[in-house]
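# Structural features, examined
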Amino acid sequence: LFMITTSKYTIESLKFIQSQGTKNHEAVWAAFRELTNKSYTAVAVYGAIATKVFSDINANLFSTTPIWAVVLLVVFTILPMAIVLTNLLPTSLSFVGSHPTRMINDYFENVVEEAQEKELLSFIIEMQMQQITATKKVLKQRSHKLKLSIYFALVLLAWILIIHVL
């Protein structure tokens, strides 16, 4: 946990730092929502590709294709969707703000009145830093999964082209 030395800051500067932290956290949340929307779009696209592949397999369009090639086709059809679907599973996230019970404790009650607002602001800033870091970590993991699913989808499309050439 990063500790702020409140004696080095004015109340106004702590309020400014806290407002910037709030803006940063809101931007991270906007990126998180955008990534979730892109994941839903990817699921729809992968679903359409899977429907086409499985209907072609069902119609015996790959009857002259070696079985190992069809198995790879099925694997590369399922894999991107499975990866990106994990982006849509519930996750633990951090929200802006702090629960009041975390801010009402002996430490803050025993601080001199003039310093209390500075101490509370520094506490809020420290919590924001933890929340932003935790949310960015989840965002990075989900972004990686979306990219990985796109790579596998491209391999799938290349594999479909190769099979049709065989």
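The structure under discussion appears in the preceding block.
First, a word on what this report is: a plain description of the structure on this page. Every value quoted in this text rests on a predicted model; they were computed, and no experiment measured them.

This part is about the packing of helix 1 (residues 11–58) against helix 2 (residues 67–85). For any two helices packed against each other, the geometry comes down to the angle between their axes and how far apart the axes lie. It is at 9 Å that the axes of helix 1 and helix 2 come closest, and there the two elements cross at 160 degrees. Judged by the angle between their axes, helix 1 and helix 2 are roughly antiparallel. For the pair helix 1 and helix 2, the crossing hand works out as left-handed. For the pair helix 1 and helix 2, the contacting residues are S39, A42, V43, Y46, G47, A50, V53, F54 and I57 in the first and V70, L73, V74, T77, I78, P80, M81, V84 and L85 in the second. Residue composition of the contact of helix 1 with helix 2, by class: 15 nonpolar, three polar and no charged.

A word on the packing of aromatic side chains. Applying the stated criterion to the full structure yields three aromatic pairs. Taken together, a centroid distance of 5.4 Å and an interplanar angle of 70 degrees make the contact between W29 and F32 edge-to-face. Taken as a pair, W29 and F32 lie in helix 1 at a separation of three residues, close to a single helical turn. Comparing W29 with F32, the two get one shared label, buried. For the pair W68 and W159, a centre-to-centre distance of 5.9 Å together with 50 degrees between the ring planes defines the contact as tilted.

Side chains of I67, W68, V71, L72 and V75 sit close together on the surface and give an oily, nonpolar patch of about 490 Å² of accessible area. Following the sequence through the fold, W68 ends up in helix 2.

Within the largest apolar cluster, 13 residues are counted, with the highest numbers of intra-cluster contacts made by F32, A42, Y46, V84, L139 and L146. Listing elements by their share of this core, those giving two or more residues are helix 1 and helix 5 (113–165). Here the element with the most residues in this core is helix 1; it accounts for seven residues. Dropping the residues within four chain positions of it, L146 is found in contact with L35, K38, S39, A42, V84 and N87.

Rules and cut-offs
Residue indices follow the written sequence of each chain, beginning from 1 at its first position. With the structure being a predicted model, the display of local features is reserved for residues of pLDDT at least 70 and the display and counting of side-chain atom pairs for 80 or more, all residues being used for whole-chain, interface and lining totals. To get the side-chain values, all heavy atoms of the structure are used, and hydrogens and water are removed first. A fitted line through C-alpha atoms serves as each axis, taken over the contacting stretch for helices, and the angle formed by two N-to-C directions is quoted from 0 to 180°. Put simply, DSSP marks the helices as runs of H or I at least four residues long and the strands as runs of E at least two long, and each gets a number from the N terminus on. Geometric relationships in this document are graded by angle, where less than 35 degrees denotes roughly parallel, more than 145 denotes roughly antiparallel, 65 to 115 denotes roughly perpendicular, and other angles denote oblique. Handedness of a crossing follows from how the near helix is turned relative to the far one, being left-handed for an anticlockwise turn of less than a right angle and right-handed for a clockwise one. The contact rule is simple, with two residues in contact once any of their heavy atoms fall within 4.5 Å. Each residue receives one of three labels: charged for Asp, Glu, Lys and Arg, nonpolar for Ala, Val, Leu, Ile, Met, Phe, Trp, Tyr, Cys and Pro, and polar for the others, Gly being one of them. Between 30 and 60 degrees the pair is tilted, below 30 it is stacked and above 60 it is edge-to-face, where a pair is any two Phe, Tyr or Trp rings, Trp via its six-membered ring, whose centres lie within 6.5 Å. We call a residue buried when its accessible area falls under 20% of the maximum for its residue type, exposed when it is over 50%, and partly exposed in between, using a 1.4 Å probe and counting protein chains only. Residues forming no salt bridge and having over 30% relative accessible area are the ones grouped into patches, like charges within 9 Å of each other and nonpolar side chains (Val, Leu, Ile, Met, Phe, Trp, Tyr) within 5 Å. Values of accessible area rely on a 1.4 Å probe in the Shrake-Rupley scheme; residue burial ignores everything except the protein chains shown. When a carboxyl oxygen of Asp or Glu lies within 4 Å of a side-chain nitrogen of Lys or Arg, that pair is called a salt bridge. By nonpolar core we mean a set of buried residues, namely Ala, Val, Leu, Ile, Met, Phe, Trp, Tyr and Cys, connected to one another through side-chain atoms within 4.5 Å.

Purely geometric numbers; function is a separate question.
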